Amino acid sequence: TLQCKENPTIQREPYNTQRTLQCKEIPTIHREPYNTQRTLQYKENPTIHREPYNAQRTLTVLVVNPVPVNPVPVQVDPVPVTLSHDPVSVTQVVPGLQVVLWSLQVHRVLPQWLAQPDVILRDIRRNLVAVGAVQGLSPATLKKLQDNGVTSFFPVQAEVVPAVLECVAQGLLVGRGGYRPRDICVSAPTGSGKTLAFVVPLVQALIGRVVCEVRALVVLPTKELAQQVCKVCALYAEGSGLKVVMLGGQKSFAAEQTSLAEQRGGKWKSLADIVVATPGRLVDHINKTPGFRLDLLRFLVIDEADRMIDSMHHSWLGQVTKAVFRAGSGSEGSSVFRRSEPTHITAASLSPPQMPLQKLLFSATLTMNPEKLQQLGLHQPRLFSSTHSGPAPSAGPASAKSQERFNFPEGLTEYFVPCTLSKKPLLILHYILHMKFCPLLCFTNSRQAAHRLFLLVRLFGGVEAAEFSSRLSTAERKHTLRDFQHGKIQLLICTDAAARGIDIEGIKCVVNYDAPQYLRTYIHRIGRTARAGKAGVAFTFLLDVQRNSFLKMVEEAGSAGIKKHSVKHQLLKNMAPRYETTLKELASAIKVSYLQANTLHPYE
Ligand SMILES: Nc1ncnc2c1ncn2[C@@H]1O[C@H](COP(=O)(O)OP(=O)(O)OP(=O)(O)O)[C@@H](O)[C@H]1O
């Protein structure tokens, strides 16, 4: 009998910190002096929810140099083993055997909720569902959808809208069957309609509220995205009495404070039901705005969730959670429903009922890494996904990363364009001027590169171009996006500031002028086209040195196939003389702009 004990200092699971794995070899060890390595497997019950990220362990026993037959069974003392991804080796000298080496290796097995999601069909056009056929929608919601021209739901909406509505079918306090509602995670391709999948049920759930309090909070990574989602919320809340407030720094801090709460009769009253915010601004208001309370928050929507998890080092979620379960907050005195941070479920903890906080996560590239998702403290999560999970990520972060697979929009065609550094500007001009790919969204890897390319295209002439990056002020960025949307700009040269979530109708072509370094970046960039079931093309310019690794990355990620698109040298040749002149003009333009920048900001 071999026994190993887990190190009791493992903190991740509050109520079960030590286990004993017992493995018995059958028959006893002395039968095989020539076969010195065996694998014993101990499988954990996969239904155990307390431990979402590792459900299977392998104990490998290596018996070195066994002595001849010894009929007495070998008893090995329990040895504490710290759980880790790498095999942990322990050496013991055991009577009857010279040395026993054994190791405990953790095999990461995806928990059931991640391995077997509710499937979202990918093909939007062929899987539209008439809104009237979707369960749980109120007549007011149906009317609103009709007014906004939505007659059918996209697959993600047809799955997620009823699932959220089911959680509030018995009111905001309890979910289905009287239980705390499960958190919901949604992984569906770019442009598949995730925004309406949460806006519609949120508005319907809150429409009957009596007192105005912040009950829904939507957090997004950038101002532009927050503004876009805020617009959709406002559109669906219009006429319902629900108030939607945006906190993203578009207005001054004081103006945002005024829109959140006001003092009446010596008491603070909320002026917002739904708040759409960027994390930084949100935390500022939590800490500095009197009357801004989250202690009745019912829904926390985290859009672009994988990116928001990456920004967790700023601890915005911790601040939100603190505000949600703030002890001694105003509502505690006035409400019969006290609120405390959920811990173990006991009969006492369920009475009186308290307002549950339900988290809804959305992304086109939602991480399937349970350890990352763990940071969000999800409650019995339910996953809706259009991606079929691959094999469980094996040990170690590197291998887990390389196996990530995502779904690409159905109508997207991907190409790579072999090129050299000097040919890239000519190629982009060729795409616009000769191939008439307009409007064209072009991504570079830095704001300097975007600016240089913008100057070059402008000097070359014949193309209405603009740049979009952090070089521009918020107002300039807003105007640029609007002009692009209205067709006044043919070529928008941008950084990854425009890669996520931005929804501009009519973009038929995306060009990765600089190949993206990360798969997620690629997926979000190319996802600016082929939205809402429409067709679109994406080109990626690849230098020879980038080619193999990039193509491997894209293929492994689940791309339907990336084709080669070569542009004949002859086609670019005609533009070459003008291009040479432009390059010279560009050199002096950059010099001038550098000198100007240094005169204006001599210390930068
Ligand atoms: N049921 C529908 N009928 C018609 N158009 C819709 C419907 N649902 C969404 N759309 C449109 O589809 C487009 C894409 O939707 P949305 O921006 O919500 O996609 P997304 O999944 O959030 O994309 P991303 O991952 O890039 O953020 C929007 O222009 C939206 O108005």
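To start, this report covers the structure provided alongside it. (Residues numbered from 1 in each chain as written. Predicted model: local features only at pLDDT ≥ 70, side-chain atom pairs only at ≥ 80, totals over all residues. Heavy atoms only, no water.)

The N-to-C vectors of helix H3 (residues 155-167) and helix H4 (residues 194-206) enclose an angle of 25 degrees; their axes lie 9 Å apart at closest approach. With respect to their mutual orientation, H3 and H4 come out roughly parallel. The two elements H3 and H4 cross, and the hand of that crossing is right-handed. Together, Val156, Gln157, Val160, Val161, Val164 and Leu165 of H3 and Lys194, Leu196, Ala197, Val200, Pro201 and Gln204 of H4 make up the contact between the two elements. Grouping the amino acids of the contact of H3 with H4 by side-chain chemistry returns 9 nonpolar, 2 polar and 1 charged. (Axes fitted to C-alpha atoms, helices over the stretch in contact; angles between N-to-C directions. Helix = DSSP H or I, 4+ residues; strand = E, 2+ residues; numbered from the N terminus. Parallel < 35°, antiparallel > 145°, perpendicular 65-115°, else oblique. Left-handed = near helix turned anticlockwise from the far one by under 90°. Contact = heavy atoms within 4.5 Å. Nonpolar A, V, L, I, M, F, W, Y, C, P; charged D, E, K, R; others polar.)

In this section: unusual backbone geometry. Cis geometry is adopted by the peptide bond preceding Pro439, which originates at Cys438 and carries an omega value of -10 degrees. Inspection of the secondary structure puts Pro439 in the loop between helix H13 (424-433) and strand E21 (440-443). One non-glycine residue, Glu304, lies in positive phi territory at about 50 degrees. Take Glu304: it is sitting in the loop between strand E17 (299-303) and helix H8 (305-310). Even without a glycine there, the phi angle at Lys436 is positive, about 55 degrees.

What follows covers the pattern of salt bridges. Evaluated as defined, the whole model comprises 21 salt bridges. The salt bridge involving Arg471 is made with Glu467; its shortest N-O contact spans 3.4 Å. Judged by its relative accessible area of 8%, Glu467 falls in the buried class. (Salt bridge = Lys/Arg side-chain N within 4 Å of Asp/Glu carboxyl O. Buried < 20%, exposed > 50% of the residue type's maximum accessible area, 1.4 Å probe, protein only.)

To continue, consider the site of the ligand. Neighbouring the ligand are 19 residues; Ser152, Gln157, Lys194, Thr195 and Asp503 lie closest to it. Contact between the ligand and Gln157: a nitrogen atom at 2.8 Å from a side-chain N or O atom of the residue. With respect to the ligand, the side chain of Thr195 contributes an N or O atom lying 2.7 Å from an oxygen atom. Within the complex, 80% of the 640 Å² of free accessible area of the ligand lies under protein. It is H4 that contributes the most residues to the shell around the ligand, 3 residues altogether. Its residues assigned to classes, the shell around the ligand shows 6 nonpolar, 8 polar and 5 charged. (Near = heavy atom within 4 Å. Polar contact = N/O pair within 3.5 Å; in protein donor to acceptor, adjacent residues only side chain to side chain. Areas by Shrake-Rupley, 256 points an atom, 1.4 Å probe, with all protein chains shown as cover.)

Further remarks concern the environment of Phe292. Mapped onto the elements of the fold, Phe292 is located in the loop between helix H7 (279-288) and E17. By relative accessible area, which is 5% here, Phe292 ends up buried. Once residues lying within four places of it in the same chain are set aside, the contact partners of Phe292 are Val214, Leu247, Leu260, Ala261, Val275, Leu282, His285 and Ile286.

With that settled, the discussion passes to the sheet that holds strand E18 (residues 358-363). Spatially, 8 strands are ordered E8-E19-E11-E18-E17-E12-E16-E13 in an open sheet, and the strand pairing comes out parallel. Each edge of the sheet is formed by a strand with only one pairing partner; in this case those strands are strand E8 (118-119) and strand E13 (244-247). Strand direction decides the pairing type here: strand E12 (residues 216-219) and E17, joined by 4 bridges, are parallel. When the sheet's bridge partners are listed, Leu217 is paired in E17 with Leu300. Across the sheet, helix H6 (residues 253-260) is in contact with E13 and strand E16 (274-277); its angle to E13 comes to roughly 155 degrees. (Pairing = 2+ DSSP bridges.)

With that settled, the discussion passes to the pairing of strand E14 (residues 261-264). Inspection of the sheet shows E14 paired to strand E15 (residues 267-270) by 4 bridges, in the antiparallel sense. Its bridge partner being in E15, Arg264 is matched across the sheet by Lys267. Once E14 ends, the chain turns through 2 residues before running back antiparallel as E15, passing Gly265 with a positive phi of about 55 degrees.

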